[in-house]
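# Fold and geometry: a report
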Amino acid sequence: MPQSVRSLQAALPSVDRILGLPDVRRLIDRHGRTLVTETARTVLAALRADLGTTGGGASPDIGDDTIAANMEAQIAALLTPPLAPVFNLTGTVLHTNLGRAPLPEEALEAMAAVARGASNLEYDVKAGKRGDRDSHLEDWIRRLTGAEAATVVNNNAAAVLLLLNSLALRKEVPVSRGELIEIGGAFRIPDIMARAGAKLVEVGTTNRTHPHDFQNALGPRTALLMKVHTSNYEVQGFTAAVAERDLAALAHDAELPLAVDLGSGTLVDLRPYGLPHEPTVAETLQAGADLVTFSGDKLLGGPQAGIIAGRADLIARIKRNPMKRALRVDKMTIAALGAVLQLYATPEKLAERLPALRLLSRAEADIRAAAERLLPAVTERVGERATVAVIACQSQIGSGALPVDALPSAALAIRPTTKKAGAAVKRLAAAFRALPVPVIGRIADNALVFDLRCLDDEPAFAAQLDRLQLG
Ligand SMILES: *Cc1c(COP(=O)(O)O)cnc(C)c1O
């Protein structure tokens, strides 16, 4: 090691001296000695390493002010919340990777209220004795679906797992080959079935399954029949599936229950809100399903949860399974879901009050107007580097609901003017993701596309544009 480096390294201040600096003392007041001492050590070690690699030639700034500022920046970075908001301008409304349904104010308030202290989670206040955590939601689910009973678990995957493990352990469950779906990478019907301890009996073919296929699959070891909503794809062309009503009749003739995994499962007919029809939980139960499973944070517009609704005797068996305890929801989920279900009591105002439905039913003209409003600011900000235009586009509902139906929408398309547009558009997308509230769009045809359907806070989006770091 050259002498100059060694002397520079020796000139680095000691941890003790750093901790005595006025700026650093203020850091200690705010964050405590443990964290600040640890940070001082890391910052000094980094400087020492820098001096070693630069050979002392570049002689980095080792002044007190720089060290204190480095420490403050490091602590700030460490203490930014690991989970934080982003702008979802992908065009997929219920985006699983971006947290699915946005919650209404009522749900946020209900969550905060119970999170702060004690609540009646499992306590019957009137009777003054132990209660059941499902009781807060069961009446509402019954009212909104017509089910006899209901229980709520961590998510729909858990609902399916628990249902199968409770009712079909070491028994057979026939499912149509056209419904052996994979959702979002990790949820696959055959795998869930195996982990639940049930034996999957594949029925029919990929494109066509008939009632007699199910009939032939029934045997002494059959526990129940199951139908799965194909969610994220559609079988088109020469196809046949057995309708719920027919499958229910077949199951009931054999004295077996029919379970339907609806996936998204909406509680209301979506057509009055200008959306395509999606089977409701009530319709599915009316068609003869004995149990229906669905997600809380898809079309329902609530927090992550899985709901099992249906026959009281079957729900009772499911609730007795010790696995229920491992899959149960916490008080904040119950508070949020309760508040969301209550909004359904007033369907006339649902599209205003439930953010998921408000975004899904937002008029194309309204979205286009937002795009026109933001066009000048974005155009000015990107300058010569790119052209910006308002374009028509299609939003997706997401989370497997109505996969082939798209919602007409409008977007800002930012197209780099350079020759190497592919690399330039990736850099542009990275710059928007590096903003304080990251902006997530999608890249299509060498343009960065921001579908504005889910942009609620236009001023916040515009306000951070001047922090965009364009290389
Ligand atoms: C989304 C979905 C699931 C998984 O639901 P999560 O709430 O994400 O666990 C299961 N089945 C179907 C049919 C789905 O669409």
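Before going into details, it helps to say that this report is about the structure given with it. The written sequence of each chain sets the order in which its residues are numbered from 1. Local features in this predicted model are restricted to residues of pLDDT 70 or higher, and side-chain atom pairs are both shown and tallied only at a pLDDT of 80 or more, whereas totals for entire chains, interfaces and linings draw on every residue. Note: side-chain values were computed over all heavy atoms of the structure, leaving out hydrogens and water.

## Description of the pairing of strand β10 (residues 258–263)
- Only protein chains enter the calculation, and the probe is 1.4 Å; a residue is then buried if its accessible area is under 20% of its type maximum, exposed if over 50%, and partly exposed in between. Per the convention used, a helix needs a DSSP run of H or I reaching at least four residues, while a strand needs a run of E reaching at least two, with both numbered from the N terminus. Most of β10 is tucked away: 6 of the 6 residues are buried.
- Judged by which residues are buried, β10 turns out to be covered on both faces: L258, V260 and L262 on one side and A259, D261 and G263 on the other are all buried.
- For β10 and strand β11 (residues 291–295), the ladder comprises 4 bridges, and the chain directions are parallel. By the bridge assignment, A259 is partnered in β11 with L291.
- The parallel pair β10 and β11, bridged by helix α12 (residues 281–286), forms a crossover whose chirality is right-handed. Two strands are counted as paired when DSSP detects at least two bridges linking them. Assignment of crossover handedness uses the view with strands pointing away from the viewer, where a clockwise path from the first strand over the helix to the second indicates a right-handed crossover.

## Details of the packing of helix α7 (residues 135–145) against helix α15 (residues 331–343)
- At a minimum axis separation of 10 Å, α7 and α15 run at an interaxial angle of 30°. As judged from the angle between their axes, α7 and α15 are roughly parallel. Regarding α7 and α15, the two cross each other, and that crossing is left-handed. Of the residues in α15, those in contact with H136, L137, W140, I141 and L144 of α7 are I334, L337, G338, L341 and Q342.
- Each residue receives one of three labels: charged for Asp, Glu, Lys and Arg, nonpolar for Ala, Val, Leu, Ile, Met, Phe, Trp, Tyr, Cys and Pro, and polar for the others, Gly being one of them. Classifying every residue of the contact of α7 with α15 by side-chain character gives 7 nonpolar, 3 polar and no charged. Each axis is a line fitted through C-alpha atoms, taken for helices only over the stretch in contact, and angles between the N-to-C directions span 0 to 180 degrees. We call two directions roughly parallel when the angle between them is under 35 degrees, roughly antiparallel when it is over 145, roughly perpendicular when it lies between 65 and 115, and oblique otherwise. Handedness of a crossing follows from how the near helix is turned relative to the far one, being left-handed for an anticlockwise turn of less than a right angle and right-handed for a clockwise one. Residue contacts are defined here by distance: any two heavy atoms, one from each residue, within 4.5 Å place the two residues in contact.

## Comments concerning the pattern of salt bridges
- The salt bridge criterion pairs a side-chain nitrogen of Lys or Arg with a carboxyl oxygen of Asp or Glu, the two atoms within 4 Å. Considering all chains together, one arrives at 20 salt bridges under this definition.
- Residues D456 and R358 are paired through a salt bridge, measuring 3.0 Å at the closest nitrogen-oxygen approach. Highlighted residues: D456 in the loop between β17 (447–451) and α20 (458–463) and R358 in helix α17 (residues 355–360), separated in sequence by 98 residues.
- Of the residues examined, D456 reaches a relative accessible area of 51% and is grouped as exposed.
- Classification of R358 as partly exposed rests on a relative accessible area of 30%.
- Here the residues in one salt-bridge network are E122, R130, R133 and R328, joined through shared partners.

## A short note on the environment of T90
- Assignment of secondary structure puts T90 in the loop between β1 (87–88) and α6 (105–115).
- Here T90 falls in the buried class, since its relative accessible area comes to 8%.
- Residues contacting T90, with those up to four places away along its chain left out, are H95, L98, I440, G441, R442 and D451.
- Polar contacts, as used here, are pairs of N or O atoms within 3.5 Å; protein pairs need one atom able to donate a hydrogen and one able to accept it. Residues neighboring in sequence count only if both atoms are side-chain atoms. A distance of 2.6 Å separates polar atoms of two side chains, one belonging to T90 and the other to N88.

## Details of the site of the ligand
- Nearness here has a simple test: a residue counts as near a molecule or strand if at least one of its heavy atoms is within 4 Å of that partner. Contacts to the ligand come from 13 residues, most closely from A157, S231, D261, S295 and K298.
- At a separation of 2.6 Å, a nitrogen atom of the ligand approaches a polar side-chain atom of D261.
- The Shrake-Rupley method, run with a 1.4 Å probe, gives the accessible areas here. Residue values count only the displayed protein chains as cover. Alone, the ligand offers 380 Å² of accessible surface; in the complex the protein occludes 95% of this.
- Residue classes in the shell around the ligand are distributed as 4 nonpolar, 6 polar and 3 charged.

## What to know about the side chain of K227
- Checked against the element boundaries, K227 lands in strand β9 (residues 225–228).
- Apart from the residues within four sequence positions on either side, K227 is in contact with E179, A241, V242, E244, L247, L258, A259, V260 and D261.

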